[in-house]
Amino acid sequence: MQFDGRVAVITGSGSGLGRAHALLLASRGARIVVNDLSRSADTGESYAQRVVDEIVAAGGVAVADTNSVATPEGGAAIIQQAVDSFGTVDILVNNAGIVRDKSFAKMTAEQVDPVLDVHLGGAFNVTLPAYRLMKEQNHGRIISTTSAAGLFGNFGQANYGAAKMGLIGLSRVIALESAKYDITANIIAPIAATAMSAGILDEEWERRLRPDLVSPVVAYLAHSDCTVSGEIFSVAAGRVARIFIGEGRGFYSPDLTIEDVRDSWSTILSEEGYSVPMSAADERDLLEKSFTAFENPTS
Ligand SMILES: NC(=O)c1ccc[n+]([C@@H]2O[C@H](COP(=O)([O-])OP(=O)(O)OC[C@H]3O[C@@H](n4cnc5c(N)ncnc54)[C@H](O)[C@@H]3O)[C@@H](O)[C@H]2O)c1
């Protein structure tokens with residue numbers, strides 16, 4: 001699968017997963033904006049420029065951008081960089097991220113605000129200007145990066161988990177609003193050995209969890225042939241799996257009481273015959289089905 005003529009903006013791509021996405025897309029012909037605000041503590045060298053140098057050395061085309069995703073001005077500047085350098089944006093990967101872990105009782109605004117600003121604010125700040133361009137050109141692919149910490153929960157990461165779940169709401173609404181413009185919005189939940197996960201993985205996991213094994217999924221979702229939208233994928237060590245939000249059949253009574261809830265608890269929790277709504281409207285259809293089933297118990 002080739003990306004010739006396509007322009008990709010990848011936030012936080014000066015290291016880790018973003019770097020791997022940038023190298024793969026560049027190797028398949030995309031022109032890349034490598035965004036990252038970090039610099040080497042020793043040499044002051046920009047992470048973004050380092051990855052651009054790698055891409056160029058391998059025969060690819062890329063430009064470095066050091067704006068922060070955390071402000072609307074930064075987001076606008078990143079997308080302007082793509083327009084000035086390459087004329088547009090076809091692919092956006094929201095990948096920039098930080099962690100400020102603390103148990104919830106000890107968490108203060110110092111840990112909460114920057115994490116929300118970079119992950120969730122950052123996705124709004126960069127996606128909004130990119131989306132407007134994509135809508136005008138009737139084409140776009142947006143991939144955002146969530147985490148198991150939000151989807152399933154993880155100790156010490158209330159700030160990060162909340163921000164990461166926000167990205168799911170954002171992407172799913174974009175997926176619904178953008179379908180008629182050939183714009184898709186999908187989400188990956190990766191696990192990889194990077195600076196962010198340093199010190200928490202043993203050697204065997206470090207070896208398996210190569211960041212470049214996440215990038216093929218990002219690239220597939222970024223391709224114009226791929227029309228999948230609003231989906232979430234777990235991607236790690238070469239394994240790819242759909243994660244979905246399912247809703248059980250549930251219990252229904254038009255005169256629901258506390259005792260009904262107590263006595264029907266196993267029905268309420270049951271996963272049997274679950275559905276996977278892809279919009280709030282789909283969920284209303286499920287509710288309507290419950291009314292019908294209650295009113296026509298034999299049908
Ligand atoms: N590594 C994992 O196992 C894992 C698991 C789940 C989710 N993620 C997510 O994957 C993404 C990439 O993380 P990674 O593991 O490669 O970590 P990483 O630390 O190697 O990369 C994150 C990059 O984002 C950059 N960045 C931070 N704040 C920024 C800002 N305001 N503007 C621009 N760039 C900024 C950093 O400089 C860094 O280079 C993150 O969103 C992270 O939350 C990673």
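Residues numbered from 1 in each chain as written. Predicted model: local features only at pLDDT ≥ 70, side-chain atom pairs only at ≥ 80, totals over all residues. Heavy atoms only, no water.

The name given to the protein chain in an unreviewed UniProt entry is Short-chain dehydrogenase, with Subtercola boreus as the source organism. For the protein chain, the Sequence similarities (unreviewed entry) comment in UniProt is given as "Belongs to the short-chain dehydrogenases/reductases (SDR) family." (UniProt positions renumbered as here; feature names shortened; annotations may be inferred.)

Peer 1: Looking at this structure, I do not really get the environment of Glu-247. What am I missing?
Peer 2: Position of Glu-247 relative to the elements: it lies in the loop between strand E8 (239–243) and helix H9 (258–263). In this structure Glu-247 comes out as partly exposed when scored by relative accessible area, which is 27%. Sequence separation of Glu-247 and Val-115 is 132 residues, and the distance between their C-alpha atoms is 30 Å. Residues contacting Glu-247, with those up to four places away along its chain left out, are Tyr-274, Ser-275, Pro-277, Glu-283 and Leu-286. (Helix = DSSP H or I, 4+ residues; strand = E, 2+ residues; numbered from the N terminus. Buried < 20%, exposed > 50% of the residue type's maximum accessible area, 1.4 Å probe, protein only. Contact = heavy atoms within 4.5 Å.)

Peer 1: Looking at this structure, how should I read the nonpolar core?
Peer 2: Proteins that are soluble and globular tend to have nonpolar side chains buried together. Ranked by internal contacts, the top residues of the largest apolar core, which has 30 residues, are Leu-25, Ile-32, Val-34, Ile-55 and Ile-188. Elements represented by at least two residues in this core include exactly strand E1 (7–10), helix H1 (16–27), strand E2 (31–35), helix H2 (47–57), strand E3 (61–65), strand E4 (91–94), helix H8 (215–222) and strand E7 (232–236). When residues of this core are assigned to their parent elements, the largest contribution, five residues, is made by H8. Core analysis: the next-biggest nonpolar cluster, separate from the first, contains 26 residues, Leu-92, Ile-142, Ile-174 and Tyr-181 among them. (Core = buried A, V, L, I, M, F, W, Y, C linked by side-chain atoms within 4.5 Å.)

Peer 1: Where do I start with the pattern of salt bridges in this structure?
Peer 2: Two side chains that carry opposite charge are able to pair once their charged atoms sit near each other. Within the structure shown, the criterion is met by eight salt bridges. A salt bridge links Arg-6 to Asp-90; the nearest nitrogen and oxygen atoms lie 3.5 Å apart. Placement of Arg-6 in the segment before E1 and of Asp-90 in the loop between helix H3 (72–86) and E4 is noted, with a sequence separation of 84 residues between them. A salt bridge links Glu-204 to Arg-208; the shortest N-O distance between them is 3.1 Å. Here Glu-204 pairs with Arg-208, and both are found in helix H7 (residues 203–208), just four residues apart, close to one helical turn. Assessed through its relative accessible area of 37%, Glu-204 is described here as partly exposed. Since its relative accessible area comes to 45%, Arg-208 is described here as partly exposed. Counted as one network, the salt bridges with shared partners bring together Glu-204, Arg-207 and Arg-208. (Salt bridge = Lys/Arg side-chain N within 4 Å of Asp/Glu carboxyl O.)

Peer 1: How do you make sense of the site of the ligand when you look at a structure like this?
Peer 2: The environment of the ligand is made up of 29 residues, and the closest members are Asp-36, Ser-38, Asn-95, Tyr-160 and Thr-194. Here Ser-68 contributes a side-chain N or O atom positioned 3.0 Å from a nitrogen atom of the ligand. In the model, an oxygen atom of the ligand is placed 2.5 Å from a nitrogen or oxygen of the Thr-194 side chain. For the ligand, the protein covers 93% of the area, taking 820 Å² as the surface of the free molecule. Taking a 2 Å distance to the grid points as the criterion, the majority of the atoms of the ligand fall inside the largest pocket. (Near = heavy atom within 4 Å. Polar contact = N/O pair within 3.5 Å; in protein donor to acceptor, adjacent residues only side chain to side chain. Areas by Shrake-Rupley, 256 points an atom, 1.4 Å probe, with all protein chains shown as cover. 1 Å grid on protein atoms, 1.4 Å probe; cavity = no way out; pocket = protein on both sides within 12 Å on 5 of 7 lines; lining within 4 Å. Sits in = over half its atoms within 2 Å of the grid points.)

Peer 1: I'm lost on the UniProt feature "domain: Ketoreductase" (unreviewed entry) in the protein chain in this one. Help?
Peer 2: With numbering aligned to this structure, UniProt lists the feature "domain: Ketoreductase" (unreviewed entry) at residues 6–194. Within residues 6–194, the helical portion is 49% and the strand portion 17%, while the C-alpha atoms at the span's ends are 27 Å from each other.

Peer 1: Whenever I open this one, the domain arrangement of the protein chain confuses me. Can you help?
Peer 2: Quite often, the size of an interface is put as the accessible area lost when its parts meet. Examined at the domain level, the protein chain breaks down into domain 1 (7–243) and domain 2 (245–299). The partner domain 2 presents five residues to the six residues of domain 1 that form the contact. For the pair domain 1 and domain 2, the summed buried surface comes to about 470 Å²; carbon and sulfur atoms form 58% of the total. Linking domain 1 with domain 2 are zero salt bridges. Inspection of the region where domain 1 meets domain 2 yields one residue pair in polar contact (both at pLDDT 80 or more). Residues of the side of domain 1 that touches domain 2, tallied by class, amount to one nonpolar, two polar and three charged. (Domains from an automatic or database assignment. Buried area = accessible area lost by both parts, 1.4 Å probe. Nonpolar A, V, L, I, M, F, W, Y, C, P; charged D, E, K, R; others polar.)

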